[in-house]
Amino acid sequence: MRAFVLALLQVAAPPQPQGVPVAPAPAPAAPAAAWDPGAAYITAGQDEPGYRSWYIAASWRAAQVKTFNDYLVGAQVGGIVPTWQLFRTATSWKDCGAQPFEIPPTEEWPNIVQTLRYIRDYVIPALGPVEPVSVYRNPMLNVCAGGAPESAHKLYSAIDMVPLRPITRETMMRTLCVDHSSHGEAYHAGLGFYAYMRFHVDSTKFRRWNMDPAVAAECPPIVHPEDSASVGQPLPSTPTPTPAVAPPQDPLAPAPQVPPKPERGRPH
């Protein structure tokens, strides 16, 4: 009986092709790289674990953080971005020997309110959530970080941030420019762009800078000569002048005539 059942199974089984190789199973696709535009700017120590370490390193910070958060809630701009991200200083904080986070002086707190309003009303509706990567820079850190002398970061008005939803750089520029052209002046909003996906918003003056050539034709920069020190650009490096070398003197040449010095108090 057992042999009979085995014979039936062999007859029922489909014939196997002879000499035809069996294709291997396709390899699983490599996972797509996670969208993380902040990785270009946020180093260890200025991330969330770094903030927690900074927060508990001084007992008095807890009261200051709560006071600041309550201030934002009272101004109806709480929760637009995580409060702790508004304490991030400069991307180059480590190279400058500075703190990764800093609570600005209380007299500067009102300056961030209008900037957060603009982000709430026109940036987040256009791009989705954003992450601040650099906000307040005290005067010494601003110099070390290469900020402009009149940088809005010193006033706690500027926020450099990145979008958290995938988007191309050109689309981001076009999207932000449309709203900035229509509504930025009412908020005194400045809008600027830096490397990769980093962009800047402040509420000190209506202006726009660093547009990519592909976008500038339809969204031209708005920068006036008096704005040259307020757009947050790195300070140009000044080369050290080469000292002039006097040509060799001819010992037979007549001595040069030295004009008499003008008398003190007379025009010259």
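The structure reproduced in this document is the subject of the present report. A quick note: this is a predicted structure, and the numbers were derived from the prediction, not measured.

As a further point, take the packing of helix α3 (residues 61-74) against helix α4 (residues 109-127). One can describe the packing of α3 onto α4 by two numbers: an axis separation of 11 Å at closest approach and a directional angle of 45°. In terms of orientation, α3 and α4 fall into the oblique class. Considering the relative orientation of α3 and α4, their crossing is right-handed. Contacts between α3 and α4 involve T67, F68, Y71 and L72 from the first element and W109, P110, I112, V113 and L116 from the second.

Two pairing modes exist for strands in a sheet, parallel and antiparallel, and in both the strands are linked by backbone hydrogen bonds. One open sheet accounts for five strands, arranged β1-β2-β4-β3-β5; its pairing is mixed. Each end of this open sheet is capped by a strand with a single partner; those strands are β1 (130-134) and β5 (207-209). Pairs of neighbouring strands in the sheet enclose a mean axial angle of 25°, with direction left out of account. Here α4 sits on the sheet and contacts β1, β2 (159-163) and β4 (199-202); the angle it forms with β4, its principal contact strand, is near 135°.

Another point: the environment of D202. The topology assignment puts D202 in strand β4. Assessed through its relative accessible area of 0%, D202 is described here as buried. The sequence separation of D202 and L155 amounts to 47 residues, and the corresponding C-alpha distance is 9.8 Å. Contacts of D202, omitting those with residues within four sequence positions, involve T115, A152, S157, A158, H188, A189, G190, R207 and W209. At 2.7 Å, the side chain of D202 forms a polar contact with the side chain of H200. Looking at D202, its side chain comes within polar contact range of the side chain of R207, at 2.8 Å.

Attention shifts here to the packing of aromatic side chains. Considering all chains together, one arrives at 17 aromatic pairs under this definition. Summarising the aromatic geometry, the rings of W54 and F101 are spaced 5.7 Å apart at their centres and angled 45° between planes, so their arrangement reads as tilted. One end of the pair, W54, is in helix α2 (residues 48-56); the other, F101, is in the loop between α3 and α4, with 47 residues separating them in the sequence. Neither W54 nor F101 differs from the other in exposure class; each is buried. Site record: aromatic cluster; members linked through ring pairs are Y51, W54, Y55, F68, Y71, W84, F87, F101, W109, Y136 and Y156. One residue, R198, lies across the ring of Y41, its end atom 5.0 Å from the ring centre.

Reading the values: rules and limits
Residues numbered from 1 in each chain as written. Predicted model: local features only at pLDDT ≥ 70, side-chain atom pairs only at ≥ 80, totals over all residues. Heavy atoms only, no water. Axes fitted to C-alpha atoms, helices over the stretch in contact; angles between N-to-C directions. Helix = DSSP H or I, 4+ residues; strand = E, 2+ residues; numbered from the N terminus. Parallel < 35°, antiparallel > 145°, perpendicular 65-115°, else oblique. Left-handed = near helix turned anticlockwise from the far one by under 90°. Contact = heavy atoms within 4.5 Å. Pairing = 2+ DSSP bridges. Buried < 20%, exposed > 50% of the residue type's maximum accessible area, 1.4 Å probe, protein only. Polar contact = N/O pair within 3.5 Å; in protein donor to acceptor, adjacent residues only side chain to side chain. Phe/Tyr/Trp six-rings, centres within 6.5 Å; stacked < 30°, edge-to-face > 60°. Lys NZ or Arg CZ within 6 Å of the ring centre and 35° of its normal.

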